[in-house]
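# Tertiary structure, described
Spelled out, the chains give:
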Amino acid sequence: MAGKRKAKQVIEDLSKPSKWRLQHGGFSEPIRASDPETGSPVQHRRAVDTLGMMLASGSITPQMHEAGEVFRGLFRAACFDSMSTSQLLRIPGSRVDTLSTMQIEARRRVAAALDLLGGHESPCGSCAWFVVGLEFSVREWSMRQGWAGRTVHGPVGQGILVGTLGTLAMHFGLTPRAKAA
């Protein structure tokens, strides 16, 4: 009786994105830097995001892209995108749900931007929350979101995103306000 041969193991190169990840979008060239905590050299690859692709294609202006990055930074600082975790070390008399001053200020600024866009339930507010803040794709958000029982079509979703970014650019002072006639 002949024995079965073992198949050769293919060793995956962990310094590069996997085949599965590459089919979902491209990456920038690796950037060499040092880890701020340990000082050891690391290599970062940045996934191409929706705003970056729209800037590269000319769909949005650099000011709109910057406004999206500012909103995304505030969104992350406000900890709206993080998952709640339990503390490993519990100190008696301390509370887990306390917010830092930076988080409170970031939440205030995100709320002000969303109010300007029409609130959470408006098309622009929802687009800012999901596409810019939570980094959903426009297609993913369009399929999820709908008004009056209808979903948002892809080109309409992109138009809503462009309008959202234009409004955010004016809100953050990156584009001049139009003068009243």
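Scroll up to find the structure.
Quick caveat, the model's predicted, so the values are computed rather than measured. All chains use their own residue numbering, which begins from 1 and follows the written sequence. Per-residue local features are limited, in this predicted model, to residues with pLDDT of at least 70; the limit for side-chain atom pairs, both in listing and counting, is 80 or more; totals at the level of whole chains, interfaces and linings are taken over all residues. Just so you know, side-chain values use all the structure's heavy atoms and leave hydrogens and water out.

## What about the overall build of the protein chain?
- Labels follow the DSSP assignment, with helices taken as runs of H or I lasting at least four residues and strands as runs of E lasting at least two, numbered in each case from the N terminus. From N to C terminus, the protein chain includes seven helices and four strands.
- For the protein chain, the succession of helices and strands along the chain, N to C, is α-β-β-α-α-α-α-α-β-β-α.
- Only protein chains enter the accessibility calculation, which uses a 1.4 Å probe; a residue whose area is less than 20% of its type maximum is buried, one above 50% is exposed, and one in between is partly exposed. Burial status across the protein chain gives 25% buried among its 181 residues.
- Here, residues are in contact when the closest pair of their heavy atoms is within 4.5 Å. Long-range contacts, defined here as pairs at least 24 residues apart, represent 50% of the contacts in the protein chain between residues at least 6 apart.

## Some remarks on the side chain of Ser 126
- Note on placement: Ser 126 falls in helix H5 (residues 123–133).
- Beyond its immediate sequence surroundings of up to four residues, Ser 126 is in contact with Gly 119, His 120, Val 131, Trp 141, Gln 145 and Trp 147.

## Focus on the side chain of Thr 164
- Within the fold, Thr 164 resides in helix H7 (residues 154–171).
- Residue contacts for Thr 164: discarding those within four places in its chain leaves Leu 117, Cys 124, Cys 127 and Ala 128.

## Details of the state of the cysteines
- When two cysteine sulfur atoms lie within 2.5 Å, the pair is treated as a disulfide. In this structure the tally under the stated criterion is zero disulfides.
- No disulfide involves Cys 127; its sulfur sits 7.0 Å from that of Cys 124, the nearest cysteine.
- Residue classification places Cys 127 among the buried positions, given a relative accessible area of 0%.

## Regarding the packing of H5 against H7
- In contact at an axis separation of 9 Å, H5 and H7 are set at 90° when each is read in the N-to-C sense. The orientation of H5 with respect to H7, classified from their angle, is roughly perpendicular. Every residue of H7 that contacts H5 at Pro 123, Cys 124, Cys 127, Ala 128, Val 131 and Val 132 is listed here: Ile 160, Leu 161, Thr 164 and Leu 165.
- Gly counts as polar in this scheme, as do all residues outside two lists: the nonpolar Ala, Val, Leu, Ile, Met, Phe, Trp, Tyr, Cys and Pro, and the charged Asp, Glu, Lys and Arg. Looking at side-chain class alone, the contact of H5 with H7 contains nine nonpolar, one polar and no charged residues. Between N-to-C directions, angles cover 0 to 180 degrees, with each direction set by a line fitted to C-alpha atoms, over the stretch in contact for helices. We call two directions roughly parallel when the angle between them is under 35 degrees, roughly antiparallel when it is over 145, roughly perpendicular when it lies between 65 and 115, and oblique otherwise.

## Here's the deal with the environment of Leu 116
- When you line up the elements, Leu 116 lands in helix H4 (residues 101–116).
- Look at Leu 116 and you get partly exposed, because its relative accessible area is 46%.
- For the pair Leu 116 and Thr 167, spaced 51 residues apart in the sequence, the C-alpha separation amounts to 8.1 Å.
- Apart from residues lying up to four places away in sequence, Leu 116 is in contact with Thr 167 and His 171.

## Quick notes on H4
- To estimate how far a helix should extend, the number of its residues minus one is multiplied by 1.5 Å. Taking 1.5 Å per residue, 16 residues should reach 22 Å; H4 reaches 23 Å between its end C-alpha atoms and fits that length.
- Of the positions making up H4, those classed as buried are Gln 103, Ala 106, Val 110, Ala 113 and Leu 114. Here the buried residues of H4 occupy an arc of 100° about the axis, which is enough to place them on one side. Facing away from the buried side of H4 by over 90 degrees, the exposed positions are Thr 101 and Asp 115.
- Contacts made by the buried residues of H4 are with helix H3 (62–77), H5 and H7.
- With its phi angle positive at about 110°, Gly 118 sits one or two positions after the end of H4. Arc definition: it is the arc formed by the directions from the helix axis to the C-beta atoms.

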